Amino acid sequence: MSGPPARSVSTPLLAVEQLTKRFGRVTALGAVDLRVAERAIHGVIGPNGAGKTTLFNVLTGLVAPDAGRVTLGGIDLTRLPSFRRTALGVCRTFQNVRLFGSMTVLENVMLGRHCRTRGGALAPLLRLPWRASERAATRRDAEAVLEFVGLAGKAHHRAVDLPYGDQRRTEIARALATEPRLLLLDEPAAGMNETETVEIADLIRRVHARDVTILLIEHKMSLVMGLCERVTVLSFGEKIAEGDPAEIRADARVIEAYLGAR
Ligand SMILES: Nc1ncnc2c1ncn2[C@@H]1O[C@H](COP(=O)(O)OP(=O)(O)OP(=O)(O)O)[C@@H](O)[C@H]1O
Ligand SMILES: [Mg+2]
């Protein structure tokens, strides 16, 4: 009598093994291991320059690692180009918002759909007749995502005209439009006030409730400790601690390297 396959409980969605990235003499990531469980909200914290954004850059294929391996659901991503990773379900937002400012909110989100349509990146924006049905479907999908993030009323505003908090929301909407399995959020609450931070936490919870696994970089400890079931701490490219929020708050190395200074 054999039980269920071990894979169902123990295999992480994301596995990072011995990931290393150097920039000249700086070791941004020094043989980092990380496992993110399926459907987790997993935090990544640490002081400025710890390597958090570099981790996301390597996970999304923006930066090639010097060594190490990245797998998603057992599929090796390490050498895949970014667009293939997006198609496999890895998507991210940026520490500094990156939107097409002169395009509308809706158009920005429609661009996020391109990896799920046949016509490619520009298809949603082209008005060729034979693309009409695909364009209409893309538009409906994008409108549904905007409704979900609470921006339906601003679909036709130019992205650049939105308040900062709404720009961040638009970026999350564009990422959601790709239908990610793993969503990487790089400081989603940076620059937000208390109210906006609570709202973004609520949005992250609702995304998570749709079975999206979330890896969250954030300096706002209220957000990290309130949302994450597990937290990894980086310092100078090294993993110095990992555990649940209570363990992390009490960890002497983490207090010394990061929390104590805040
Ligand atoms: N493209 C690059 N070229 C050279 N050095 C880089 C590059 N990207 C990152 N670094 C360096 O790698 C280290 C890690 O940077 P990274 O941006 O990953 O830190 P971080 O943890 O995201 O910090 P922060 O909290 O300030 O966003 C830093 O010393 C940084 O200067
Ligand atoms: Mg960063």
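Residues numbered from 1 in each chain as written. Chains lettered and ligands numbered in written order. Predicted model: local features only at pLDDT ≥ 70, side-chain atom pairs only at ≥ 80, totals over all residues. Heavy atoms only, no water.

Caption draft 1: Structural detail: the layout of surface pockets. Empty space within the largest pocket amounts to approximately 530 Å³. If you go around the largest pocket, you meet 21 residues; those closest to its centre are Thr 86, Cys 91, Phe 94, His 114 and Arg 174. Of all the secondary structure elements, the ones that give two or more residues to the lining of the largest pocket are helix H3 (82–88), strand E6 (90–92), helix H4 (105–112) and helix H6 (164–177). Top contributing element to the lining of the largest pocket by residue count: H3, with four residues. Each of domain 1 (1–89 + 180–262) and domain 2 (98–179) gives at least three residues to the lining of the largest pocket. (1 Å grid on protein atoms, 1.4 Å probe; cavity = no way out; pocket = protein on both sides within 12 Å on 5 of 7 lines; lining within 4 Å. Points joined across faces, edges and corners; volume = space filled by probe spheres on them. Helix = DSSP H or I, 4+ residues; strand = E, 2+ residues; numbered from the N terminus. Domains from an automatic or database assignment.)

Caption draft 2: Quick peek at unusual backbone geometry. At Gln 18, a position not held by glycine, the phi torsion is positive, near 50 degrees. By the element assignment, Gln 18 lies in strand E1 (residues 14–23). For Gln 18, a relative accessible area of 43% puts it in the partly exposed group. A positive phi angle, near 60 degrees, is found at Glu 179, a position not held by glycine. Structurally, the position occupied by Glu 179 is in the loop between H6 and strand E7 (182–186). (Buried < 20%, exposed > 50% of the residue type's maximum accessible area, 1.4 Å probe, protein only.)

Caption draft 3: Spotlight on the site of ligand 1. Taken together, 14 residues sit near ligand 1, with Asn 48, Gly 49, Lys 52, Thr 54 and Gln 95 positioned nearest. Between Asn 48 and ligand 1, the recorded distance is 2.8 Å, taken from a side-chain N or O atom to an oxygen atom. Protein contact buries 62% of the 630 Å² of open area that ligand 1 shows by itself. For the shell around ligand 1, the elements supplying multiple residues, two or more each, are strand E2 (26–36) and helix H2 (52–59). It is H2 that contributes the most residues to the shell around ligand 1, three residues altogether. Taken together, the residues that form the shell around ligand 1 break down as five nonpolar, seven polar and two charged. (Near = heavy atom within 4 Å. Polar contact = N/O pair within 3.5 Å; in protein donor to acceptor, adjacent residues only side chain to side chain. Areas by Shrake-Rupley, 256 points an atom, 1.4 Å probe, with all protein chains shown as cover. Nonpolar A, V, L, I, M, F, W, Y, C, P; charged D, E, K, R; others polar.)

Caption draft 4: Representation of the packing of aromatic side chains. The full count for this structure, using the stated rule, is zero aromatic pairs. The positively charged end of Arg 206 is found above the aromatic ring belonging to Phe 148, 4.6 Å away from the centroid. Between the NZ or CZ atom of Arg 210 and the centre of the ring of Phe 148, over which it lies, the distance is 3.8 Å. (Phe/Tyr/Trp six-rings, centres within 6.5 Å; stacked < 30°, edge-to-face > 60°. Lys NZ or Arg CZ within 6 Å of the ring centre and 35° of its normal.)

Caption draft 5: Region of interest: the nonpolar core. Judged by nonpolar contacts, the single largest core of 46 residues is most densely connected at Leu 146 and Ile 214. The two domains that each donate at least three residues to this core are domain 1 (1–89 + 180–262) and domain 2 (98–179). Non-local contacts of Ile 214, meaning those with residues more than four positions away in its chain, are made with Ala 40, Ile 41, His 42, Leu 183, Leu 185, Ile 204, Val 207 and His 208. Core analysis: the second largest hydrophobic core is formed by 25 residues, Val 36, Phe 56, Leu 77 and Leu 184 among them. (Core = buried A, V, L, I, M, F, W, Y, C linked by side-chain atoms within 4.5 Å. Contact = heavy atoms within 4.5 Å.)

Caption draft 6: Spatial organisation of the sheet that holds strand E10 (residues 238–243). Here we have six strands laid out as an open sheet, ordered E6-E7-E8-E3-E9-E10, and mixed in their pairing. The sheet is open, and its two borders are formed by E6 and E10, each paired with just one other strand. For this sheet the average axis-to-axis angle between neighbouring strands, irrespective of direction, equals 20 degrees. Looking at chain direction, strand E9 (residues 230–235) and E10 are connected through five bridges and run antiparallel. Of the residues in E10, the one forming a bridge with Leu 234 is Lys 239. Strands E6 and E7 of the sheet are contacted by H6, whose axis makes an angle of about 160 degrees with E7. (Pairing = 2+ DSSP bridges. Axes fitted to C-alpha atoms, helices over the stretch in contact; angles between N-to-C directions.)

Caption draft 7: Representation of the sheet that holds strand E5 (residues 75–76). Overall, antiparallel pairing links the four strands, which are arranged E2-E1-E4-E5 in an open sheet. Pairing within the sheet leaves two strands with one partner each, and these edge strands are E2 and E5. Inspection of the sheet shows E1 paired to strand E4 (residues 67–72) by five bridges, in the antiparallel sense. Among the inter-strand pairings, Leu 14 is bridged to a residue of E4, identified as Leu 72. Packed onto the sheet, H2 meets E1, E2 and E4 and runs at close to 115 degrees relative to E1.

Caption draft 8: A look at the coordination of the magnesium ion (ligand 2). Note on the magnesium ion (ligand 2): its protein donors are Thr 53 (OG1) and Gln 95 (OE1). The metal-donor distances range over 2.0 to 2.2 Å. One end of the pair, Thr 53, is in helix H2; the other, Gln 95, is in the loop between E6 and H4, with 42 residues separating them in the sequence. Classification of Gln 95 as partly exposed rests on a relative accessible area of 31%. (Donors = N, O, S within 2.8 Å, 3.2 Å for Na, K, Ca; no water.)

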